[in-house]
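Single-letter residue listing:
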Amino acid sequence: MKELVIEGMTAGELVAQYGTPLYVYDQAKLENNLEAYTQNFKSDLFQTKILYASKAFQTIGMLDLIANYGLGVDVVSGGELYTALQSDVPVEKIHFHGNNKTTEELRMAFESGIVHIVADNVMELEEIAELAEEYQRAVTIQIRLNVGIEAHTHEYIVTTHIDSKFGIAFGSEDYQACLAIFEKSDYLHLEGFHVHIGSQIFEMDAWYAAIDKMLGYLATFDYPMTLNLGGGFGVRYTDEDQPMPIKENMEQILSYLEGKLQETGVTINEVVIEPGRSLVAEAGITLYEIGYQKQTPNKHYYFVDGGMGDNIRPSLYQAKYACDVANKLDAEKTELVTVAGKYCESGDVLIHDVHLPPVEKGDVLVVYSTGAYGYSMSSNYNRNPTPAVVFVKDGKAREIVKRQTLADLIRNDVKNGGEWK
Ligand SMILES: Cc1ncc(COP(=O)(O)O)c(C=O)c1O
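Throughout, a residue's number is its position along its own chain's written sequence, starting from 1. A pLDDT threshold of at least 70 governs which residues receive local features in this predicted model, and a stricter bar of 80 or more applies before side-chain atom pairs are shown or counted, although totals over entire chains, interfaces and linings include all residues. No hydrogens and no water enter the side-chain calculation; it runs on all heavy atoms of the structure.

### What about the overall build of the protein chain?
And then number 1: Secondary structure is summarised from DSSP: a helix means a run of H or I of at least four residues, a strand means a run of E of at least two, and numbering begins at the N terminus for each. Within the protein chain one finds 12 helices and 22 strands.
And then number 2: The size measure is the radius of gyration over C-alpha atoms, and the globule rule it meets is 2.2 Å times the number of residues to the 0.38 power. Computed over the C-alpha atoms, the radius of gyration of the protein chain is 23 Å, within 12% of the 22 Å expected from 2.2 N^0.38 for a compact globule of 421 residues.
And then number 3: What makes two residues a contact is simply this: any of their non-hydrogen atoms within 4.5 Å. Counting only contacts in the protein chain whose residues sit at least 6 apart along the sequence, the fraction spanning at least 24 positions is 70%.
And then number 4: Every accessible area reported is derived by Shrake-Rupley at a probe size of 1.4 Å, with residue values counting cover from the shown protein chains alone. With an accessible surface of roughly 19,300 Å², the protein chain has 48% of that area assigned to carbon and sulfur atoms.

### Here we look at the sheet that holds strand E8 (residues 139-144)
And then number 1: DSSP calls a pair of strands paired once it identifies at least 2 bridges connecting them. Taking strand neighbours around the barrel as the criterion, the eight strands line up as E4-E5-E6-E7-E8-E11-E13-E14 in a closed arrangement whose pairing is parallel. Strand-to-strand twist in this sheet, taken as the mean axis angle between neighbours without regard to direction, amounts to 30°.
And then number 2: In this sheet, E8 lies alongside strand E7 (residues 116-119) in parallel orientation, the contact comprising four bridges. Paired with Val-118 across the bridge in E8 is Gln-142.
And then number 3: Of the strands in this sheet, E7, E8 and strand E11 (188-194) touch helix H6 (residues 122-135), which is tilted by about 150° from E7. Each axis is a line fitted through C-alpha atoms, and for a helix only the stretch in contact is used; angles between axes span 0 to 180 degrees, taken between their N-to-C directions.

### Quick word on the packing of helix H2 (residues 27-40) against helix H9 (residues 246-264)
And then number 1: Contact geometry for H2 and H9: axes closest at 9 Å, N-to-C directions at 25°. Considering their axes alone, H2 and H9 lie roughly parallel with respect to each other. The interaxial crossing formed by H2 with H9 has right-handed handedness. Listed contacts from H9 to Asn-33, Ala-36, Tyr-37 and Asn-40 of H2 are Ile-246, Lys-247, Met-250, Glu-251 and Leu-254. Note on angle classes: values under 35 degrees are labelled roughly parallel, values over 145 roughly antiparallel, values of 65 to 115 roughly perpendicular, and the remainder oblique. In this scheme the crossing of two helices becomes right-handed for a clockwise turn of the near helix relative to the far one and left-handed for an anticlockwise turn of less than a right angle.

### Here we look at the site of the ligand
And then number 1: One heavy atom within 4 Å of a molecule or strand is enough for the residue carrying it to be called near that molecule or strand. Within the structure, the ligand sits among 14 residues, and Lys-55, Gly-232, Glu-274, Arg-277 and Tyr-373 are positioned closest to it.
And then number 2: Polar contacts here mean pairs of N or O atoms no more than 3.5 Å apart (in protein, one a potential hydrogen donor and the other a potential acceptor; neighbouring residues in sequence count only if both atoms are side-chain atoms). With respect to the ligand, the backbone of Arg-277 contributes an N or O atom lying 2.8 Å from an oxygen atom.
And then number 3: One nitrogen or oxygen atom from the side chain of Tyr-373 is found 2.6 Å from an oxygen atom belonging to the ligand.
And then number 4: Starting from 400 Å² of accessible surface for the ligand in isolation, the protein chains cover 89%.
And then number 5: In the scheme used here, Gly and all other residues not listed as nonpolar or charged are polar, with Ala, Val, Leu, Ile, Met, Phe, Trp, Tyr, Cys and Pro taken as nonpolar and Asp, Glu, Lys and Arg as charged. A breakdown of the residues in the shell around the ligand according to their chemical character gives three nonpolar, six polar and five charged.

### Remarks on the pairing of strand E16 (residues 300-304)
And then number 1: Note on classification: 1.4 Å probe, protein chains only; a residue is buried when its accessible area is under 20% of the maximum for its type, exposed when over 50%, partly exposed between these limits. Among the five residues that make up E16, four are buried, leaving the element largely enclosed by the rest of the structure.
And then number 2: Of the pairings in the sheet, the one linking strand E15 (residues 284-295) to E16 comprises four bridges and is antiparallel in character. Looking across to E16, one finds that Lys-294 is bridged to Tyr-301.
And then number 3: Adjacent in sequence and paired antiparallel, E15 and E16 are bridged by four residues.
And then number 4: As paired elements, E16 and strand E18 (residues 335-340) share three bridges and run parallel to each other. By the bridge assignment, Tyr-302 is partnered in E18 with Val-339.

### Description of the domain arrangement of the protein chain
And then number 1: Boundary definitions for the domains trace back to an automatic or database domain assignment. Here the protein chain is described as being made up of domain 1 (5-23 + 281-409) and domain 2 (97-275).
And then number 2: With seven residues of domain 1 at the contact, the number on the domain 2 side is six residues.
And then number 3: A simple way to read buried area is as the amount of 1.4 Å-probe accessible surface that goes missing from two parts once joined, with both sides added. The largest per-residue losses of area from domain 1 upon contact with domain 2 belong to Glu-282, Lys-320 and Ser-369, which jointly make up 58% of the total buried on that side.
And then number 4: Whenever a carboxyl oxygen of Asp or Glu lies within 4 Å of a side-chain nitrogen of Lys or Arg, that contact is scored as a salt bridge. Taken together, the connections running from domain 1 to domain 2 amount to one salt bridge.
And then number 5: A salt bridge links Lys-320 to Glu-240; its shortest N-O distance comes to 3.4 Å.
And then number 6: The interface formed by domain 1 and domain 2 holds three residue pairs in polar contact (both at pLDDT 80 or more) in total.

### Considerations on the side chain of Asn-311
And then number 1: You can see Asn-311 is positioned in the loop between E16 and helix H11 (313-317).
And then number 2: Using a relative accessible area of 2% as the deciding quantity, one classes Asn-311 as buried.
And then number 3: Only 3.5 Å separates the side chain of Asn-311 from the side chain of Tyr-321, close enough to count as a polar contact.
And then number 4: For Asn-311, the residues in contact, after removing those within four places along its chain, are Tyr-288, Tyr-321, Leu-350 and Thr-370.

### Section: helix H4 (residues 78-86)
And then number 1: Buried residues of H4: Gly-78, Glu-80, Leu-81, Thr-83 and Ala-84, and no others.
And then number 2: As for H4, its buried residues are in contact with helix H3 (60-68), strand E5 (72-75), strand E6 (94-96) and helix H5 (103-112).
And then number 3: Taking the backbone nitrogen of Gly-79 as reference, a side-chain oxygen 3.3 Å away marks Ser-77 as the first, capping residue of H4.

### Things to note about the packing of H2 against H3
And then number 1: Where H2 contacts H3, the axes come no closer than 10 Å and their chain directions differ by 40°. With respect to each other, H2 and H3 are oriented oblique. Note on packing geometry: the crossing formed by H2 with H3 is right-handed. Contacts from Gln-27, Leu-30, Glu-31 and Leu-34 in H2 reach Met-62, Leu-65 and Ile-66 in H3.
And then number 2: Of the residues belonging to the contact of H2 with H3, the class tally is five nonpolar, one polar and one charged.

Below is the structure:
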């Protein structure tokens, strides 16, 4: 039987070495994606910067890899910041995002030497100004704007939606209040504006609409600013998704932007993008062991030894994935099945109505394109340990994250409920 091979290692070898469920990344694919961004996101009209939106898959091993390619990193919490600080990414390349950074997290940023903060609202900017004064430290700020464009997959809508929890509206009272804070502060420098219009964007017009709006805003300043376009570049989960290759996607965005700059005479200093999913999603797969099967009047279930704890996306927002039986790739797919997990939730279904071959207990199921928001959204629900993460290249595997042990699960539990105080 034909077996799945990832960078020279069979699924069987990986499972024998590391067990299941197992997150497996093809390191060569990760590197190709990193190359595609670094080679193609360049312009003669402005500087460019690529930040890995690390929420997609944040581990020290992944951050060390992106550091090799000179990328910076976008973090959104004290935990992500802490992880980034332990990695090879230089502190000056860490950008701190988030709509409700706590005082403790902001202090951590100041104390660890973070220089780039993306401010999401007026209260946050006020606090950053106070802390900058206290620490006597210069900080470079981008303001996250809500441009009223929402893009998801093949649709985008221009809304007058002003109620998003993210960002502020250009020209609004809050916006004016932010400008006043910059006027007063000796430490804050308004570097530019940030916008993130959505996820899984395949529709170029959405990018073009966002660029048009942002250039209009940048034109009101008398110095060249930074335009941060955020992330959201689409990937392939199933045949329904037809993403553009990274190279082409970057070329189209850059050529539109350069054309607009020439047409309008606006000058900008730097353009930043924050790809997350598109760097890691398709480079990752998850291997599961198939356990029992069950036939109901209308469904044939294949149960696997993972599920919503290692991939919440299908249960959370009906995300779709493709799969195969990794050790029976050439077997005829005669069964119409539902792949369900082992968690105590009826919604714990990974894939509905998929054709697979007949299987036996112990066969290995592969779910493709699980590299983004899988491990990073994992939980210990039902006290299932988080799977290991391995990178594979040239016929060898290395463990990036160890599988949690049962002891890890109770590490913070206090026997007898602690002391009453
Ligand atoms: C501000 C910001 N930048 C970048 C990203 C990354 O998006 P993606 O993983 O779709 O590229 C996100 C995702 O939510 C985001 O909120």
